[in-house]
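# Inside the fold
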Amino acid sequence: MTPFGTRLAHAIEERGRFCVGIDPHAALLHEWGLDDDVASLERFALTVVEAVAPVVGVVKPQSAFYERFGSRGIAVLERVVAESRAAGALVLMDAKRGDIGSTSQAYADAYLDPTSPLGSDAVTASPYLGFGSLDPMLEACRRHGSGLFVLALTSNKEGPEVQHARTGDGTVAGAVLAHLRVANAGADPVGSFGAVVGATIGDTEEDLDVNGPLLVPGFGAQGGTVDDMARIFGRASRWALPSSSRDVLRAGPDVGALRDAARRGNDAVRGLGA
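Residues numbered from 1 in each chain as written. Predicted model: local features only at pLDDT ≥ 70, side-chain atom pairs only at ≥ 80, totals over all residues. Heavy atoms only, no water.

## A word on the overall build of the protein
For clarity, the threshold we go by: Comment: elements are numbered from the N terminus, with helices defined as DSSP H or I runs of at least four residues and strands as E runs of at least two. Restricting the calculation to C-alpha atoms gives the radius of gyration, and the globule rule supplies 2.2 Å times the number of residues raised to the power 0.38. Residue burial is assigned from relative accessible area. The probe radius is 1.4 Å, only protein chains are included, and a residue is buried under 20% of its type maximum, exposed over 50%, and partly exposed in between. Two residues form a contact once any of their heavy atoms are found within 4.5 Å. Calculation of accessible area relied on Shrake-Rupley with a 1.4 Å probe; when residues are assessed, cover is drawn exclusively from the protein chains displayed. Counting rule for charge: Lys and Arg are taken as positive, Asp and Glu as negative, and neither His nor the chain ends is counted. In this description, the location of a charge corresponds to atom NZ of lysine, CZ of arginine, CG of aspartate or CD of glutamate.
Across its full length, the protein carries twelve helices and ten strands. On C-alpha atoms alone, the protein measures out to a radius of gyration of 17 Å, which is about the 19 Å that the 2.2 N^0.38 rule sets for 274 residues. Projected onto its principal axes, the C-alpha coordinates of the protein cover approximately 55 × 40 × 35 Å. With 274 residues in all, the protein has 54% of them scored as buried. Excluding contacts between residues fewer than 6 apart, the proportion of contacts in the protein whose partners are at least 24 apart in sequence is 73%. Accessible surface, the protein as shown: approximately 11,300 Å² in total, 49% of it carbon and sulfur. Of note, the protein has its 25 positive side-chain charges centred 3 Å away from the centre of its 34 negative side-chain charges.

Right under this line is the structure:
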């Protein structure tokens, strides 16, 4: 299998680096004039896929907004994955899974094996049971050509309690980034193991260049700007994936308006890392 990092590099070159979150918040369903039910979830999610998956490189469904509807919601998520990939977009499943042993392997089987109904190009993961707990996911990525985005420096106010804590000669976040650097050693043009780093974290002394991609939530409506990312990420910004959902999704339900919003987002970050 072609490694995820290689496929991502091609997607950025051909379609741009903007990542659209497909997050059916109840409030957004209501903004579209929809009810908060499975039928509306399906209409919302598949309309967004129709609009954006043919024009952006990466889409990022947040699994929790589908899981809350039980098995019928998961069935919609399966369609989001399949139809997004059929339209040429890479699918980054935002599930933030993390566990140990056989459970970690089961998460890898669910999200990283292409034979799974939820098999995606990449998945987000939490390293806070120890980075080694993610080994089954890393091995699955190597086996299937998939990718992993590991929480490192998030912009939620609770994050620093763990991520800035000191361990040895550095911070917990620094240790996560160091592990990713090792996992991506020698990869060309870029590794398949990325970090999640918020667009609104402010200045940091951490080395964000892990020879892998950076998923950057918080761009746009949450306050993150291109100038912020260029300043904070420096050289590492060449593989940054700024992610936004509300700035695009509020343009719906019109497919053309959604597509235009996605294209505007892509244009806004086109020069990042140049």
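That was the structure; now back to the text.
## Quick look at the sheet that holds strand E10 (residues 240-244)
Backbone-to-backbone hydrogen bonds join strands into a sheet, with any given pair of strands oriented parallel or antiparallel. Cut-off, in case you're wondering: Being paired, for any two strands, means DSSP has found at least two bridges between them. Orientation is described by lines fitted to C-alpha atoms, with helices fitted over the stretch in contact, and by angles between N-to-C directions that extend from 0 to 180 degrees.
Taken together, the eight strands give a closed barrel; going around it, the order is E1-E2-E3-E4-E5-E8-E9-E10, and neighbouring strands pair in parallel fashion. Within the sheet, the average angular offset between the axes of one strand and its neighbour, ignoring direction, is 30 degrees. Bridge analysis of strand E2 (residues 58-61) against strand E3 (residues 90-97) gives two bridges, and the strand direction is parallel. Paired with valine 59 across the strands is valine 91, a residue of E3. Strand contacts of helix H5 (residues 71-86): strand E1 (19-22), E2 and E3, with the helix running at about 145 degrees to E3, the strand carrying the most contacts.

## A closer look at helix H1 (residues 4-15)
Defined as follows: Expected span, for any helix, means 1.5 Å times one less than how many residues it has.
The end-to-end C-alpha distance of H1, which contains twelve residues, comes to 16 Å, matching closely the 16 Å that a straight helix rising 1.5 Å per residue would cover. Among the residues making up H1, those that are buried are Phe4, Gly5, Thr6, Leu8, Ala9, Ala11, Ile12 and Arg15. Elements that come into contact with the buried residues of H1 comprise E2, E3, strand E4 (122-125), strand E5 (147-153), E10 and helix H12 (255-268). Downstream of H1 by one or two residues, glycine 16 has phi in the positive range, about 95 degrees.

## Side note on the pairing of strand E9 (residues 214-217)
Of the pairings in the sheet, the one linking strand E8 (residues 193-197) to E9 comprises two bridges and is parallel in character. Bridge pairing in E9 places alanine 195 opposite leucine 214.

## Brief notes about the side chain of arginine 97
Which entries qualify depends on this criterion: We call two N or O atoms a polar contact when they sit within 3.5 Å, provided that within protein one can donate a hydrogen and the other can accept it, with sequence-adjacent residues counted only if both atoms are side-chain atoms.
Here arginine 97 shows up in strand E3. Within polar-contact distance, the side chain of arginine 97 engages the backbone oxygen of alanine 95 at 2.9 Å. Engagement of the side chain of arginine 97 in a polar contact is seen with the side chain of tyrosine 111, the distance being 3.0 Å.

## As for the environment of serine 40
Looking at the secondary structure, you find serine 40 in helix H3 (residues 38-52). In this structure serine 40 comes out as buried when scored by relative accessible area, which is 8%. In the structure, serine 40 is positioned 82 residues away from alanine 122 in sequence and 26 Å away in space, judged by C-alpha atoms. Not counting the four nearest positions on each side in its chain, serine 40 is found in contact with Leu29, Leu34 and Asp35.

## Quick word on the packing of aromatic side chains
Just so we agree on the cut-off: Centres within 6.5 Å are what make two rings of Phe, Tyr or Trp a pair, Trp counting through its six-membered ring; a difference in plane orientation under 30 degrees is then read as stacked, over 60 as edge-to-face, and the rest as tilted.
Under the criterion given, the structure shown has three aromatic pairs. Geometrically, the ring pair formed by phenylalanine 18 and phenylalanine 219 is edge-to-face, given 6.3 Å between the ring centres and 75 degrees between the ring planes. You can see phenylalanine 18 sitting in the loop between H1 and E1 and its partner phenylalanine 219 sitting in the loop between E9 and helix H10 (226-233), a full 201 residues away along the chain. For phenylalanine 18, a relative accessible area of 2% puts it in the buried group. The class for phenylalanine 219 is buried, based on a relative accessible area of 11%. Ring centres of tryptophan 32 and phenylalanine 44 lie 4.2 Å apart, and the angle between their planes is 40 degrees; this geometry places the pair in the tilted category. Separated by twelve residues along the polypeptide, tryptophan 32 in the loop between helix H2 (26-31) and H3 and phenylalanine 44 in helix H3 bring together distant segments of the chain. Assessed through its relative accessible area of 0%, phenylalanine 44 is described here as buried.

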